[in-house]
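Letter by letter, the chains look like this.
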Amino acid sequence: MSNPSTTASYDVLIIGAGLAGLSAAVALSASGARVALLERKPYVGGRAYSYAHPALDEVIDSQHVLLGCCTNLIDLCKLSGADRHIRWYDNITFLEPATDTAPTRRSDIGPSILPSPGHASLSFLRASMLSLADKSRIAIGLLEFLRGYPDTDEEPFSAWLQRTCQTDRAIRHFWEPVIVGALNDAFDRCSTRYAGQVFHESFMKSAQGGRLGIPTQPLSQFYSSVAHFAEQQGTALHLRTSIDTIERWNNNQWHVIASDGSAYLAPYLLLALPFEQTARLLSTLPRSSPQCASILADMAHFRHAPITTIHLWFDRHITDLDHAALLDTRIQWMFNKSRIRRYEPGSPAQEGQYLELVISASFTELHQGREQILHAAIAELTRFFPRIRDAGILKSGILKEARATFSVVPNLDRYRPPADAPGNGLYLAGDWTRTGWPSTMEGAVRSGRLAAQAIAAAAGNPTTYLSADLPAAGLMRLL
Ligand SMILES: Cc1cc2nc3c(=O)[nH]c(=O)nc-3n(C[C@H](O)[C@H](O)[C@H](O)COP(=O)(O)OP(=O)(O)OC[C@H]3O[C@@H](n4cnc5c(N)ncnc54)[C@H](O)[C@@H]3O)c2cc1C
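### With respect to the overall build of the chain
Regarding its fold elements, the chain presents 14 helices and 21 strands. Over its C-alpha trace the chain gives a radius of gyration of 23 Å, about what one expects of a compact globule, namely 23 Å for 479 residues. For the C-alpha atoms alone, the extent of the chain along its principal axes is close to 75 × 50 × 40 Å. Classification of the 479 residues of the chain by burial places 56% in the buried group. A sequence separation of at least 24 residues applies to 70% of the contacts in the chain between residues at least 6 apart.

### What to know about the pairing of strand S13 (residues 254-258)
Burial within S13 is extensive, with five of its five residues counted as buried. Side chains Trp254, Val256 and Ala258 of S13 all project onto a buried face; the interleaved residues His255 and Ile257 project onto the opposite face, where all are buried too. Where strand S12 (residues 243-248) meets S13, five bridges bridge the pair, whose relative direction is antiparallel. Residue pairing in the sheet places Thr245 in a bridge with Ile257 of S13.

### Quick word on helix H2 (residues 71-80)
Counting buried residues in H2 gives seven out of 10 residues, a clear majority hidden from the surface. Looking at the buried side of H2, the elements it contacts are helix H1 (19-30), strand S6 (66-67), strand S7 (86-89), helix H8 (219-232) and helix H14 (441-458). Note on H2: the residue one or two positions beyond its end, Gly81, has a positive phi of about 85°.

### Points about the domain arrangement of the chain
If you check the domain split of the chain, you get domain 1 (4-47 + 219-301 + 410-458), domain 2 (91-210) and domain 3 (304-406). Using C-alpha coordinates to define each centre, domain 1 is positioned 34 Å away from domain 3. The partner domain 3 presents five residues to the 10 residues of domain 1 that form the contact. Summed over both partners, the interface of domain 1 with domain 3 comes to about 620 Å²; 66% of that surface belongs to carbon and sulfur atoms.

### Comments concerning the state of the cysteines
Here a disulfide denotes a covalent bond joining the sulfur atom of one cysteine to the sulfur atom of another. A full pass over the atoms with the stated rule returns zero disulfides. Lacking any disulfide linkage, Cys69 is separated from the closest cysteine sulfur, that of Cys70, by 4.8 Å.

### Some words on unusual backbone geometry
In this chain, Ser116 is followed by Pro117 through a cis amide linkage whose omega measures 10°. Structurally, the position occupied by Pro117 is in the loop between strand S9 (105-109) and helix H3 (121-126). The backbone phi angle of Asp57 is positive, close to 60°, even though this residue is not glycine. Relative to the helices and strands, Asp57 is located in the loop between strand S4 (50-53) and strand S5 (58-61). Notably, Asp328 is not glycine yet its phi reads approximately 55°, a positive angle. The topology assignment puts Asp328 in the loop between strand S17 (323-326) and strand S18 (333-336).

### A short note on the packing of helix H6 (residues 168-183) against helix H7 (residues 192-204)
A packed helix pair is summarised by two numbers, namely the angle formed by the two axes and the spacing between the axes. Between H6 and H7, whose axes approach to 10 Å, the crossing angle comes to 100°. As judged from the angle between their axes, H6 and H7 are roughly perpendicular. In contact with Phe174, Trp175, Val178, Ile179, Ala182 and Leu183 of H6, H7 contributes Tyr194, Ala195, Val198, Phe199 and Phe203.

### Some thoughts on the site of the ligand
As a structural note, the neighbourhood of the ligand is formed by 32 residues, with Glu39, Arg47, His64, Asp431 and Met441 the closest of them. Taking Met441, its main chain carries an N or O atom lying 2.8 Å from an oxygen atom of the ligand. In the shell around the ligand, the residues fall into 13 nonpolar, 12 polar and seven charged. Both domain 1 (4-47 + 219-301 + 410-458) and domain 3 (304-406) contribute no fewer than three residues apiece to the shell around the ligand.

### Section: the sheet that holds strand S8 (residues 92-96)
Strand order in the open sheet formed by seven strands is S9-S8-S17-S18-S19-S16-S20, with mixed pairing between adjacent strands. Bordering the open sheet on either side are S9 and strand S20 (393-406), each of which pairs with just one other strand. For this sheet, the mean inter-axis angle between neighbouring strands, taken without regard to orientation, is 25°. Bridge count for S8 against S17 is two bridges, and the pairing is parallel. Bridge pairing in S17 links Leu95 to Leu326.

### Some remarks on the sheet that holds strand S1 (residues 8-9)
Taken together, the four strands give an open sheet; going across it, the order is S1-S14-S13-S12, and neighbouring strands pair in mixed fashion. The open sheet terminates on both sides in strands that have one partner only, identified here as S1 and S12. By the bridge criterion, four bridges tie S13 to strand S14 (residues 263-266) in an arrangement that is antiparallel. Residue pairing for S14: Ile257 is matched across the bridge by Ala263.

### Structural notes on the nonpolar core
One finds Ile15, Trp175, Ile179, Ile246, Val256, Leu269 and Leu271 to be the most contacted residues of the largest nonpolar core, which totals 73 residues. If one sorts the elements of this core by residue count, H6 sits on top with seven residues. Ranked by size, the runner-up nonpolar core spans 48 residues in total, among them Leu22, Ile74, Val226 and Leu237.

### Overview of the side chain of Thr382
Within the secondary structure, Thr382 is located in helix H13 (residues 370-382). Not counting residues within four places of it along the chain, the set of residues in contact with Thr382 comprises Ile388 and Arg389.

### Here we look at the packing of aromatic side chains
The way to describe two aromatic rings as a pair is by their centre distance and the angle between their planes. Applying the stated criterion across every chain, the model contains 22 aromatic pairs. What links up through ring pairs into an aromatic cluster is the set Phe124, Phe145, Phe157, Trp160, Phe174, Trp175, Phe187, Phe199 and Phe203. If you follow Arg193 out to its NZ or CZ, it ends over the ring of Tyr194, 4.5 Å from the centre.

Thresholds applied
Residues numbered from 1 in each chain as written. Predicted model: local features only at pLDDT ≥ 70, side-chain atom pairs only at ≥ 80, totals over all residues. Heavy atoms only, no water. Helix = DSSP H or I, 4+ residues; strand = E, 2+ residues; numbered from the N terminus. Rg over C-alpha atoms; globule rule 2.2 N^0.38 Å. Buried < 20%, exposed > 50% of the residue type's maximum accessible area, 1.4 Å probe, protein only. Contact = heavy atoms within 4.5 Å. Pairing = 2+ DSSP bridges. Domains from an automatic or database assignment. Buried area = accessible area lost by both parts, 1.4 Å probe. Disulfide = S-S within 2.5 Å. Axes fitted to C-alpha atoms, helices over the stretch in contact; angles between N-to-C directions. Parallel < 35°, antiparallel > 145°, perpendicular 65-115°, else oblique. Near = heavy atom within 4 Å. Polar contact = N/O pair within 3.5 Å; in protein donor to acceptor, adjacent residues only side chain to side chain. Nonpolar A, V, L, I, M, F, W, Y, C, P; charged D, E, K, R; others polar. Core = buried A, V, L, I, M, F, W, Y, C linked by side-chain atoms within 4.5 Å. Phe/Tyr/Trp six-rings, centres within 6.5 Å; stacked < 30°, edge-to-face > 60°. Lys NZ or Arg CZ within 6 Å of the ring centre and 35° of its normal.

Spelled out as structure tokens, the structure:
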């Protein structure tokens, strides 16, 4: 038990300075609440982090991307000035690997002067990665998402692909790169609801919604602007503060104790944590309320999916592309970090090139050793970029994130709790809560803002913190 006289007192305590906690802190402190943001790591950003790798002598991260339809994340970045460090791209390049008889083929999907939903149709029709038969099946399938996407999440996306008779190549060259990249799990572990949302919001509703945004700074540097902004609004940020116990005192205050013995008190407590960390802290409550007991039981339905990133420094120039989706490989995406980071003013010129390769849903790689992963990745990459045959690899690194995202498995929505589910002044945020979004930075920011709205309403100051969705453009307005 901590000494009450040394306990710091606030209006709201937020545990976790990932994007959910940061966005809630910005919203609530801007409204005048005294907020303490308690984070166990020495940096903010949670899973969207970067760090200085001592052996590589480089700052590395797992590249995160956003889309134009991520209105809340973009708004948070604009408020804090971080948006100056986002590079926007209209086109996505898909590469087919070279074969014995044909060189690498490139298809670029991007908008044209045609109105939405047809803005990308010209590039789609030109794309060599798909045959006419593949394209017509895809077009028929996409019609289902023209007016929106299912309200319910029972149907697995694998069943949808079968039901709409998608061809093998349409699956490998279109649905898989987009859906496994966005939802980070196999088709049978993704519901059609969320797959449909990805296509409706980013491919059909407007050209703006599908723009690809890439932070040009390492992620911890990128999100430190948001933390500074929260502090300017009055948030007290406590890094290296790992909360071990939460308890409800009789005077309707929440009392939390960190592993270093520091203690904090407030009438409102927000757990802005991944589901397994939330479960751990809820279990420390001496007598869990029936609501908490049911939230804890519901958490058994959540599962993690991993992402593995491979970092390669070449002694020479490999490609002029900033990024590309790589088809028919384990690697889904290539990010040319040398080119992406050179958009930062003052970044040093480099002779060689630093490429990052992303393997989504990397359950297989989770159990493989470093050499096996590297060997396979370099062999695959050479089929796209033949210059690698003559290049030397100066250094390499692998980052495995076993708990990168939660999977939007069919029927999960009923178990995703709203922000105010626990009751008694205790609130929940985090990408896994009921946001209507999959496991993304946008979902996390929405969850933080929804929780801030719930806390403001409970304190008698109802406010809206959520940004509006992007409006439909072109002919989509008529639908
Ligand atoms: C490799 C990888 C690639 C990804 N790519 C993308 C992408 O391209 N686009 C995209 O939108 N999303 C991507 N994501 C998902 C995205 O990072 C997450 O959805 C989002 O960051 C989740 O934010 P959060 O605030 O909900 O949780 P978190 O980021 O997990 O934040 C929770 C915070 O709580 C802290 N914490 C935990 N326990 C305690 C405790 N007891 N006391 C104090 N603090 C505690 C943690 O240290 C952490 O900072 C990716 C994730 C990974 C890992």
